[in-house]
Amino acid sequence: MVKLLSRRGFLITGGVLLGTVTAGAALGVGYLSTLDLDGMTPGVGPDGRLDLNAFISIAPDGQITAYVARTEMGQGVQTGLATLIAEELAVDPATIHVLHPTEPLPAYGNYTLPLQTRPEDVSGPVQWVVKRFFATLPYIGTGGSTSVIDGWTQYRTAGASARDLLLAAAAAEMGLPLADLQAEDGHIVHAASGNRMAYGDLVATAITLPPPAAPVLKKAAAFTRIGRDTPRVDLRAKVTGQALYGIDAAPDGLRYAAVAMPPPAGGALTGFDDAAARAVKGVVDVMAIGPDEASLGLAVIADSYWSARRGVEAAAATFAPAQPDATAQTVATALQALLDGPDMSDRISIGNPATATGDTLTATYDTASLAHACMEPMSATVLHQGDGAFTVWGSAQSPVMMRIGIEKAAALTGTSVSDVTSHVLFAGGGFGRKGEADAYRLCAALAIKHTGTPIKLIYSREDDLGHGTYLPQTRTMIAATLAADGTVAALTAKVAGASVGAEFGARWLPFADAPEADLAMLEGYAVPTYRIPHQRIATAAMVQPLPTGFWRANGHFYNGFAIECFIDECAARAGADSLAYRRAMARDDARLMRVYDTLARLSDWATPLPAGRGRGIAAFESYGTMTGIVVEVTVDGDTLTVDRIIAAADPGIVLTPDIVRQQIESSVIWALSAALSQRLTLQDGLVVETNFDSFPLLTLAGCPVIDVAVIASDGRPGGVGEAAVGPLAPALANAVFAASGRRIRQLPLLDEGGALRA
Amino acid sequence: MQLSVNGVVKDVDVDPEKPLLWVIREDLGLTGTKFGCGIAACGACTVLVDGQAVRSCSYPVEAAVGADVRTIESLATGDVLSRLQQAWIDAQVPQCGYCQSGMLMAATALLAEIPQPTEDDIKAGITNLCRCGTYPRIARAIIAASQA
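Computed from a predicted model, the values in this text were never measured in an experiment.

Trainee: So what exactly am I meant to see when it comes to the overall build of chain A here?
Mentor: The number of helices and strands found in chain A is 20 helices and 28 strands. In terms of overall dimensions, chain A is globule-like: its C-alpha atoms have a radius of gyration of 27 Å, near the 27 Å expected for 758 residues. Reported as C-alpha extents along the three principal axes, the dimensions of chain A are approximately 80 × 75 × 55 Å. The buried share among the 758 residues of chain A stands at 63%. A separation of at least 24 residues holds for 77% of the contacts in chain A among residues at least 6 apart in sequence. Surface exposure of chain A reaches about 25,700 Å², of which carbon and sulfur atoms provide 55%.

Listed below in structure tokens is the structure:
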């Protein structure tokens, strides 16, 4: 069974797996085997829609609607999965209307994300139970670059199953043998006579027929839509202002809320001016949420967001921070203590580094806590109808998390939750932040107190940046012993940071990963890039003052920085060219070689640059996609200019080349913003950088030339939403070294004044 | 007070200091104009007031009385998109799309002032923030629209 993340057979932590199997067994094999995991049964759906299966309905006028249970947050998932349907259903993807379904069907679950295995590779009785147990939740969620990997077979099967039903319906209606009919451009066609019937005219019959047991999927050579540049299906809505995001939800009777939140590390609510808040025109209620000593916040409800915000300001809530003295420096000290102490957990153990002899070198790398800064701040809109019924609107990465937030709020007052209708809207950026339930918990608490009134809670930008979840701060100590030929014979790395898996689980779920089994902390190491005979990789997690959460590419960002910078340091020690050094040690992987070759060619690697200019390279696999980046910079004193960035990515089969290109451009600019200038400082328990004047995003004027090469290959598709994030920071730092001889081992590379740090 | 928004005069009963952004979104129900930062740093809230790009999150509604306010919803004429909107689609600019209303309004103002902008004009004229990294395509789309 091929594992997605690790060649060493790593699935999910033993504890979670055992718990899942036990829980699944408790439900009973009989019950589990009745679950409609596949969602391929046709019928009449909600509001009389004609469902060929859980993924596709067709109206009598021929309009096709695809139900894509993944959040469109910019990554193009609606277009990608609609293209899979369109390929088998023989229609133009641009004609498909894509919706996020509201029904929490098991067929909509994302299995790749929790199981870390491609669905095609699920086998054996344990996997049978595990997959069905997850179906009972079901975990519907978007993230981890899993949507295409998870949906690759499922959405094509949905299209093929629907096509076969339409073919069967046409055979019956036309009185012709199936073999003489084919699906073509929204019609079933009888080639010999030229007779054709539109899907809209066939669907009513088609949904009465039994679905095919095993629809045949097209071979890659026959693809006519996959691999072509389908225009994204959401473009028109997003250039006309018609696209609705979570923050735009506006059910009738809406009231608005703003909130003052405790410091991110926690804190008691010590006081607020209730009368002053209520005196603000438009304010209808003031409400403290959660017990004062473990406050969740102080909310004001009003007839407009602006009035609610003014009400919060008038309330002037004060909190006693739980960790008033924590700073990035105190965290660094604690990380160093972890690295020096006995609590590191060995995660990868190959050979024995102690037996390697030769030149040695060692280095320590530091990366900062980072915010997501989605352009759309967090929001939640909740209506408590009473008797356990709720309706919720938002741009969440998972409707399950919306429900969990509501359940957490309900627990505060012993309110029942039995029926939650979730409306998932477009997300103005997600990046992991919108997979959290905090806004839904707060808003639901307000909604429960005001049963019958929908309430929309909007985070200000200060709330969003200062009271979120964050990429952990990390420190890595990494050492190598070089063989006689200069290549790395032994590599030891100790990574100290935080366990997002453990923290996320503790926040929201009935189970949590053990920190010593945290998967994100091993990203960059788990799928090796180089043949290194002796390796010891260890990790350790601490609880940091800033709560940590999933952040685009996670460990690929902070581990990628350490690994690919350090490999460059080894190359310099060996007197070798950075690219040649990598080729000499690279694992036997055709995609890696193609990425190196492409980068070498596009960057004109072999031609030296004049003094003061330099190129840096980094390449490794993330989420099933092989990505490499070359950065070209000019360093003049302490002034850094990024002149050009070249990225090459091989995601296996390419669904839509331009969407892959978009995601690479996106990831490069994301990582460049982080690597150059982003940091978070703490003072008196609060984040200092709470708006864009202090937490900078790269601007259009500051954006360098970015050249992208998308390399399609035959392998099964990888995820592309995050893959180019990891290699950027090390390629940039390596370029700075090549241009100036300065090896900077800390992110961000620039100090507060914008100069290269010492 | 009376506001003229997208060519239609509306009566609104709001605090004169209420930011134009929230009047547009809440009192007029036009949600195409977005909230991003509240300090005029990101431009997601950009509208045109008498043809000038204005960051409406930091613009009191009373300042818009008597002016011609245009939002993203005004760019298309029925089903016919503006040159810029079509150029945005042709270049496949939007990813999450949240910043794009503001970007399009800022670009509309730029082209009205500089019909044939250079790359440097675009860098100076478009200071809106985008988190998804659509900048290279925005620049290409503006140039394409200016040549259409």
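Trainee: Would you take a moment to explain the sheet that holds strand β21 (residues 488–497) of chain A for this structure?
Mentor: Residues and elements named next belong to chain A. Pairing within the open sheet is mixed, and its 5 strands lie in the order β14-β22-β21-β20-β15. The open sheet has two free edges, formed respectively by β14 (345–350) and β15 (360–367), since each of these has just one partner strand. Taking the axes of each pair of neighbouring strands and ignoring which way they run, one obtains an average angle of 10° across the sheet. In the packing of helix α11 (residues 328–340) onto the sheet, contacts are made with β20 (474–482), β21 and β22 (534–541), and the angle to β20 comes to roughly 40°.

Trainee: What's the story with the sheet that holds strand β19 (residues 455–458) of chain A in this structure? I'm lost.
Mentor: Either a parallel or an antiparallel arrangement is found when strands of a sheet pair, and the pairing is made through backbone hydrogen bonds. All names here are of chain A. If you walk across this open sheet you meet the 7 strands as β11-β12-β9-β19-β16-β17-β18, and the pairing is mixed. Two strands lie at the open edges of the sheet, namely β11 (283–289) and β18 (419–424), each paired on one side alone. Here the average twist between neighbouring strands, direction ignored, is 20°. Relative to β19, strand β9 (residues 255–260) is paired through 3 bridges, and the arrangement is parallel. Bridge pairing in β19 links Ala257 to Leu457. The strands that helix α12 (residues 399–413) touches are β11, β16 (379–386), β17 (389–394) and β18; relative to β18, the one it contacts most, it runs at about 135°. Its contacts with the sheet place helix α13 (residues 438–449) against β9, β11, β12 (297–302), β16, β17 and β19, and it is angled at close to 35° to β16.

Trainee: Where do I start with the pairing of strand β3 (residues 46–49) of chain B in this structure?
Mentor: Walk down a regular strand and you will see the side chains alternate between the two sheet faces. Residues and elements named next belong to chain B. Side chains of β3 alternate between two faces, with Thr46 and Leu48 and Val47 and Val49 buried alike. Bridge count for β3 against strand β4 (residues 52–55) is 4 bridges, and the pairing is antiparallel. What sits directly across from Val47, in β4, is Val54. Between the end of β3 and the start of β4, which pair antiparallel, lie 2 residues, with Asp50 showing a positive phi angle near 50°. Bridge analysis of β3 against strand β5 (residues 68–70) gives 2 bridges, and the strand direction is antiparallel. Each bridged residue has a counterpart across the sheet, and for Leu48 the counterpart in β5 is Arg70.

Trainee: How do you make sense of empty space enclosed by the protein when you look at a structure like this?
Mentor: Gaps between atoms show up when a probe of the same size as a water molecule is rolled over them. Residues and elements named next belong to chain A. Under the counting rule described, the total for this entry stands at 6 cavities of 30 Å³ or more. Here the largest cavity defines a volume of roughly 120 Å³. Forming the walls of the largest cavity are Leu491, Gly524, Tyr525, Pro528, Thr529, Tyr530, Ile532, Gln535, Ile563 and Ile567. For the lining of the largest cavity, the residue count by class is 7 nonpolar, 3 polar and no charged.

Calculation notes
- Residues numbered from 1 in each chain as written.
- Chains lettered and ligands numbered in written order.
- Predicted model: local features only at pLDDT ≥ 70, side-chain atom pairs only at ≥ 80, totals over all residues.
- Heavy atoms only, no water.
- Helix = DSSP H or I, 4+ residues; strand = E, 2+ residues; numbered from the N terminus.
- Rg over C-alpha atoms; globule rule 2.2 N^0.38 Å.
- Buried < 20%, exposed > 50% of the residue type's maximum accessible area, 1.4 Å probe, protein only.
- Contact = heavy atoms within 4.5 Å.
- Areas by Shrake-Rupley, 256 points an atom, 1.4 Å probe, with all protein chains shown as cover.
- Pairing = 2+ DSSP bridges.
- Axes fitted to C-alpha atoms, helices over the stretch in contact; angles between N-to-C directions.
- 1 Å grid on protein atoms, 1.4 Å probe; cavity = no way out; pocket = protein on both sides within 12 Å on 5 of 7 lines; lining within 4 Å.
- Points joined across faces, edges and corners; volume = space filled by probe spheres on them.
- Nonpolar A, V, L, I, M, F, W, Y, C, P; charged D, E, K, R; others polar.

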